[in-house]
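Structural description and commentary
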Amino acid sequence: STMEQILNYLKGIELTDNDKELYNELLNLYLTETKFDVKFLNELILKSKEEAASYIHRIKGASRQIAAEKLALKGQQLEDVLKNKTNESLPLLINDFCKIYNDTINEIKKHQSNLNN
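The structure presented is a predicted model; accordingly, all values stated were derived computationally and were not measured.

Attention shifts here to the packing of aromatic side chains. For the structure on display, the rule yields four aromatic pairs. Geometrically, the ring pair formed by F36 and F97 is edge-to-face, given 4.9 Å between the ring centres and 80 degrees between the ring planes. Here F97 lies in helix 6 (residues 90-116) and F36 lies in the loop between helix 2 (20-33) and helix 3 (38-47), a separation of 61 residues in the sequence. Each member of the pair F36 and F97 is classed as buried. Centroid distance F40 to Y55: 5.0 Å. Interplanar angle 80 degrees. Geometry classified as edge-to-face.

Following this line, the structure appears as structure tokens:
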């Protein structure tokens, strides 16, 4: 569905049992720990699609934890292609994933600057 949000705050806060401080800590951790590098992904794909899939799997898992729904969903689609479960266009999915990742990071940063003002 197209109901997914870049960052579903309400769901994210729910995932932490309504602990807003914990959720904001998770967002901070996401920014520092969950680095996505498309060049690295492409190198992995050339080396091993399996390794590329587990790289995306980690990012997908971290994204689910903060309720970054669009990225988690796109990550799942990308992972499925890398595992040869589906045959969608890999370049297109990688493109979408990059865009949504950037949107997600921007959304987190916007959220944080709102908190600090």
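Once the structure has been displayed, the description carries forward.
What follows deals with helix 4 (residues 49-65). Helix length check: helix 4 (17 residues) gives 24 Å between terminal C-alpha atoms against 24 Å at 1.5 Å per residue, within 8%. Looking only at helix 4, the buried set comprises A52, A53, Y55, I56, I59, K60, A62 and S63. Buried positions along helix 4 lie against helix 2, helix 3, helix 5 (69-82) and helix 6. Phi turns positive one or two residues past the end of helix 4, at A67, with a value near 60 degrees.

What counts and what doesn't
Residues numbered from 1 in each chain as written. Predicted model: local features only at pLDDT ≥ 70, side-chain atom pairs only at ≥ 80, totals over all residues. Heavy atoms only, no water. Phe/Tyr/Trp six-rings, centres within 6.5 Å; stacked < 30°, edge-to-face > 60°. Helix = DSSP H or I, 4+ residues; strand = E, 2+ residues; numbered from the N terminus. Buried < 20%, exposed > 50% of the residue type's maximum accessible area, 1.4 Å probe, protein only. Expected span 1.5 Å × (residues − 1). Contact = heavy atoms within 4.5 Å.

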